[in-house]
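# Analysis of the macromolecular model
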Amino acid sequence: VQLVESGGGLVQAGGSLRLSCAASGRTIASFPMGWFRQAPGKEREFVAAISWSGASTYYADSVKGRFTISRDNAKNTVYLKMNSLNAEDTAVYYCAKTYSGYSSSWSTRGVYDSWGQGTQVTVSS
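In what follows, the accompanying structure is described. Think of each chain on its own: its residues are numbered from 1, step by step along the sequence as written. Owing to the predicted nature of the model, reporting of local features is limited to residues with pLDDT of at least 70; listing and counting of side-chain atom pairs is limited to 80 or more, with chain, interface and lining totals taken over all residues. In computing side-chain values, all of the structure's heavy atoms are included and hydrogens and water are not.

This brings us to the state of the cysteines. Our working definition of a disulfide is a cysteine sulfur pair at a distance within 2.5 Å. Counted according to the given criterion, the structure contains 1 disulfide. Covalent S-S linkage joins C21 and C95, the inter-sulfur distance amounting to 1.9 Å. An S-S torsion of about 55° defines the bridge between C21 and C95 as right-handed. One end of the pair, C21, is in strand β3 (residues 17–24); the other, C95, is in strand β9 (residues 91–98), and 74 residues separate them in sequence. Considered together, C21 and C95 belong to a single accessibility category, that of buried residues. The way it works is that DSSP assigns letters per residue, a run of H or I at least four long becomes a helix, a run of E at least two long becomes a strand, and they are numbered from the N terminus. Burial status follows relative accessibility: with a 1.4 Å probe on protein chains alone, a residue under 20% of its type maximum counts as buried, one over 50% as exposed, and anything between as partly exposed.

In structure tokens:
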């Protein structure tokens, strides 16, 4: 499966963005999906994950209450709505597909087997 992120850009602190991750090559409807981010000089970190049906979602503590992950399986697309952005949210954001059915593992990079190329999000203070 190929994953392509879009929707990144430059936004002022307190603003919002919605990222999209479009999949092609195969359906992602049967797979949980996740978003990660990587800031300059830092490790890639978990942001959010969503079950295959969309019924269950999980978030890193740093984004809980501000970010919302969702999916539209008919469009083979996953979204990340980001509100109340601050400078610490500046990073390249990646979407990824996991092969794991265990939600307890979804914050771990190693269970994701397909990654997009990333989209840059820059928050100016």
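Here the narrative resumes, following the displayed structure.
Okay, the nonpolar core next. Definition used in this section: a nonpolar core is a set of buried Ala, Val, Leu, Ile, Met, Phe, Trp, Tyr and Cys residues joined via side-chain atoms within 4.5 Å. One finds W35, L80, M82 and Y93 to be the most contacted residues of the largest nonpolar core, which totals 34 residues. Broken down by secondary-structure element, the contributors of at least two residues to this core are β3, β4 (33–38), β5 (45–50), β7 (67–72), β8 (77–82), β9 and β11 (119–124). The biggest single contributor to this core is β5, with 5 residues. We call two residues in contact when some of their heavy atoms are within 4.5 Å. Filtering out sequence-adjacent residues up to four positions away, Y93 remains in contact with E5, L19, W35, F36, R37, V47, F67, L80, M82, G118, T119 and V121.

For this analysis, a ring pair means two rings from Phe, Tyr or Trp (six-membered ring only for Trp) whose centres lie within 6.5 Å, classed as stacked if their planes differ by under 30 degrees, edge-to-face if by over 60, and tilted for the remaining angles. Taken as a whole and assessed by the stated rule, the structure comprises 5 aromatic pairs. A ring pair is formed by F36 and Y112, whose centres lie 5.0 Å apart and whose planes are at 80°; its orientation type is edge-to-face. Within this pair, whereas F36 is found in strand β4, its partner Y112 is found in strand β10 (residues 112–115), the two being separated by 76 residues in sequence. F36 sits in the buried class, given a relative accessible area of 0%. One aromatic cluster is present, formed by F36, F46, Y112 and W115 through successive ring pairs. A ring is scored as having a charge over it whenever the NZ atom of a lysine or the CZ atom of an arginine sits within 6 Å of its centre and within 35 degrees of its normal. The aromatic ring of Y94 is capped on one face by R44, whose charged end is 3.6 Å from the ring centroid. The side chain of R44 reaches across the aromatic face of W115, ending 5.0 Å from its centre.

The next subject is the pairing of β4. Along β4, 5 of the 6 residues are buried, which leaves the element largely enclosed by surrounding structure. Pairing between strands is defined by DSSP: at least two bridges between the two strands are required. Counting the residues in the hairpin turn of β4 and β5 gives 6 residues, including G41, whose phi is positive at 80°. The pairing of β4 with β9 spans 6 bridges and is classified as antiparallel. Of the residues in β9, the one forming a bridge with M33 is K97.

Of note, S114 is situated in strand β10. Each residue touching S114, except ones within four places of it in the same chain, is listed here: V1, L3, C95, A96 and K97.

When their charged atoms lie close together, side chains carrying opposite charge are able to pair. Every case where a carboxyl oxygen of Asp or Glu lies within 4 Å of a side-chain nitrogen of Lys or Arg is listed as a salt bridge. For the structure shown, the criterion picks out 5 salt bridges. Of the charged contacts, one joins K97 and D113 as a salt bridge, the two residues approaching to 2.9 Å between their closest N and O atoms. Of this pair, K97 sits in strand β9 while D113 sits in strand β10, placing them 16 residues apart in sequence. With relative accessibility at 5%, the residue K97 sits in the buried group. Look at the salt bridges and you will find they share partners, linking R37, E45, R66 and D89 into a network.

Nothing here speaks to function; it is all geometry.
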